[in-house]
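Fold and geometry: a report
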Amino acid sequence: MKPLQIGELQVKVPVIQGGMGVGISLSRLAGNVALCGGVGVISSAQIGFRDPEFASHPIETNLRVLKEEIKKAKEIAKGGIIGVNIMVVTQKYKEYVKEAVSAGADLIVSGAGLPINLPELVEGTKAKIAPIISTIKAASVICKMWDRKYKKAPDLVIVEGPKAGGHLGFHEEELKRYTQQEYEKEILGIFEVIKEYSQKYSKKIPVVLAGGIFDRKDVQHALELGADGVQMGTRFVTTYECDAACAYKEAYLRAKKQEIQIIKSPVGMPGRAIQNEFLRQIKEKREKIDHCFQCITTCSKKETPYCITKALVRAAKGDVENGLLFCGENAYRCQKIEHVRDIMEELTGKQ
């Protein structure tokens, strides 16, 4: 495998660990992936949920804890590359990006919407920026907008396919329609869009594929398609270094293929999660919302069937029957708790 080059940043192992919130990919996981030569990514989503100030001052607490987590990840990484995943629909999105950059994040990864104004938020800094897109249309829109408004192209593009976990960049009908072959045609179209802007700006814009990447065979297939690297999240959940509670990891180990299903997130996007008692009950009865944690802009306290922050926090803390467990399509393939280093060695063929 060739290193992944993101501007002047050289990633020895072309593997980006996907950002997973709430509380799944924090400093420990991200730091260890970076230490092993990949890009470790912290999720900013409700990152301060364990702090006593979180309920009363969620945004201020999140910003403070984000800075602390980046510092800890950098210490673990020992010079490795640390990124932060910040969803476009995050309330106070600009503040999160600026805080991450000022704290020393090497890379800002942004999806769940198109990060139209991201270039201006990192202007004058060394931070690299990577939009997460899923379709040719999204790739074209973001490149055109950045080109026209900022005279800039992405430093990296992450193409997240329909097998990914958490919130997905597709309509439900698209998820049902896409076969692997059909989506690979979409990927080739995205490559053409990115190639156009690589030529215009006389620089290599690496493209990383995400969604359903689990083992070395998947990585090799992505590289054969023409990708410069991969992003994977689910496989890293069942590691000793993952920041989630042990019960969360064990839920992945117990998950059966048929239990991994597409759900409608309360914030209006389709997502993929492990079916459990909580998801069964919520279909019958709305959960009372008595507090707003100011998570994302698309949530309506009056209309949402449950508080997604509370559901994700319960899961991250280990209450897996009463929480929301986002996962990728291949979560059922997780068979054991392993070390990040062992996964990275397997992916690179050193095992």
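Structure's up top.
Throughout, residues of each chain are indexed from 1 in the direction in which the sequence is written. Only residues with pLDDT of at least 70 are given local features in this predicted model, and only at 80 or more are side-chain atom pairs given and counted; all residues enter the totals for whole chains, interfaces and linings. Hydrogens are left out, water is left out, and the side-chain values use all remaining heavy atoms of the structure.

**Structural notes on unusual backbone geometry**
Here the residue pair Gly-21 and Val-22 is connected by a cis peptide bond, since its omega of 5 degrees sits within 30 degrees of zero. Mapped onto the elements, Val-22 comes out in the loop between strand 3 (15-17) and helix 1 (27-35). The phi torsion at Gln-46 lies on the positive side, around 45 degrees, for a residue other than glycine. Secondary structure elements follow DSSP: runs of H or I no shorter than four residues count as helices, runs of E no shorter than two count as strands, and numbering proceeds from the N terminus. Here Gln-46 lies in the loop between strand 4 (39-43) and helix 2 (58-77). With a phi angle near 55 degrees, Ala-112 is a residue other than glycine that sits in the positive phi range. Looking at where Ala-112 falls in the secondary structure, it is placed in the loop between strand 6 (107-110) and helix 4 (118-121).

**Some words on the side chain of Lys-128**
Tracing the backbone through its elements, the reader meets Lys-128 in strand 7 (residues 128-133). Residue exposure (1.4 Å probe, protein chains only): buried if accessible area is under 20% of the type maximum, exposed if over 50%, otherwise partly exposed. Accessibility expressed as a relative area gives 11% for Lys-128, which makes it buried. Every residue in contact with Lys-128, bar those within four places of it in the chain, is listed here: Ile-6, Gly-7, Glu-8, Leu-9, Asp-106, Leu-107, Ile-108 and Asp-155. Residues count as neighbours in contact if any of their non-hydrogen atoms are within 4.5 Å of one another.

**Topic: a positive patch on the surface**
Judged by side-chain charge, Lys-94, Lys-98, Arg-148 and Lys-149 come together as a positively charged surface patch. Those elements that place two or more of their residues in the positive patch are helix 3 (93-102) and helix 5 (136-150). Within the secondary structure, Lys-94 is located in helix 3. Residues with no salt bridge and a relative accessible area higher than 30% make up the patches, which join like charges within 9 Å and nonpolar side chains (Val, Leu, Ile, Met, Phe, Trp, Tyr) within 5 Å. Note on areas: Shrake-Rupley, 1.4 Å probe, and residue coverage restricted to the protein chains presented here. By convention in these notes, a salt bridge is any Lys or Arg side-chain nitrogen within 4 Å of a carboxyl oxygen on Asp or Glu. When charges are counted, Lys and Arg are positive and Asp and Glu negative, with His and the chain ends excluded. All charge positions are set by atom: Lys at NZ, Arg at CZ, Asp at CG, Glu at CD.

**Some remarks on the sheet that holds strand 13 (residues 270-274)**
For two strands to be treated as a pair, DSSP must find no fewer than two bridges joining them. Strand order in the open sheet formed by 3 strands is 9-13-12, with antiparallel pairing between adjacent strands. Each of the sheet's edge strands pairs with one partner strand only, and the pair in question is strand 9 (166-167) and strand 12 (260-264). Taken together, the 5 bridges between strand 12 and strand 13 define a ladder with antiparallel strand orientation. Bridge pairing links Lys-264 to Pro-270 in strand 13.

**Points about the nonpolar core**
Core analysis: the largest hydrophobic core is formed by 112 residues, its most contacted members being Ile-108, Val-159, Leu-209, Phe-236 and Leu-324. If we skip the residues at most four places from it in the chain, Val-159 touches Ile-133, Tyr-183, Ile-187, Ile-190, Val-207, Val-208, Leu-209 and Ala-210. Residues grouped as a nonpolar core are buried Ala, Val, Leu, Ile, Met, Phe, Trp, Tyr and Cys residues, joined through side-chain atoms within 4.5 Å. By size, the runner-up hydrophobic cluster in this structure holds 16 residues, among which are Ile-16, Val-39, Ile-158 and Val-208.

**Quick word on the packing of aromatic side chains**
Between 30 and 60 degrees the pair is tilted, below 30 it is stacked and above 60 it is edge-to-face, where a pair is any two Phe, Tyr or Trp rings, Trp via its six-membered ring, whose centres lie within 6.5 Å. Here the structure, examined in full by the defined rule, presents 6 aromatic pairs. Note on Phe-170 and Tyr-183: the rings are 5.7 Å apart at their centroids and 70 degrees apart in plane angle, and the pair reads as edge-to-face. One end of the pair, Phe-170, is in the loop between strand 9 and helix 6 (172-177); the other, Tyr-183, is in helix 7 (residues 180-200), and 13 residues separate them in sequence. Per residue, the accessibility class of Phe-170 equals that of Tyr-183, and both read buried. On the numbers, 5.2 Å between centres and 85 degrees between planes, the contact of Tyr-178 with Tyr-183 is edge-to-face.

**Overview of the packing of helix 1 against helix 13 (residues 340-347)**
Every axis corresponds to a line fitted to the C-alpha atoms, with the helix fit spanning only the stretch in contact, and the corresponding angles, defined between N-to-C directions, vary from 0 to 180 degrees. Relative orientation of the contacting elements helix 1 and helix 13 amounts to 40 degrees, with a least axis distance of 9 Å. The angle between helix 1 and helix 13 falls in the class oblique. Judged by the twist between their axes, the crossing of helix 1 over helix 13 is right-handed. For the pair helix 1 and helix 13, the contacting residues are Leu-29, Asn-32, Val-33 and Leu-35 in the first and Val-340, Arg-341 and Met-344 in the second. Nonpolar residues are Ala, Val, Leu, Ile, Met, Phe, Trp, Tyr, Cys and Pro. Charged residues are Asp, Glu, Lys and Arg, and all others, Gly as well, are polar. Residues of the contact of helix 1 with helix 13, tallied by class, amount to 5 nonpolar, 1 polar and 1 charged. For this classification, under 35 degrees means roughly parallel, over 145 means roughly antiparallel, 65 to 115 means roughly perpendicular, and everything else is oblique. Helix crossings are classified by the rotation of the near helix relative to the far one: an anticlockwise turn of less than a right angle makes the crossing left-handed, while a clockwise turn makes it right-handed.

**With respect to the environment of Asp-218**
Structurally, Asp-218 is set in helix 8 (residues 216-225). With 115 residues separating them along the chain, Asp-218 and Arg-333 place their C-alpha atoms 13 Å apart. Excluding anything up to four places from it in sequence, Asp-218 contacts Gly-212, Ile-213 and Arg-333. In terms of polar contacts, Asp-218 uses its side chain to reach the backbone amide nitrogen of Phe-214, at 2.9 Å. Whenever two N or O atoms come within 3.5 Å, that pair is a polar contact, provided that in protein one can donate a hydrogen and the other can accept it, and provided that, for residues adjacent in sequence, both atoms are side-chain atoms.

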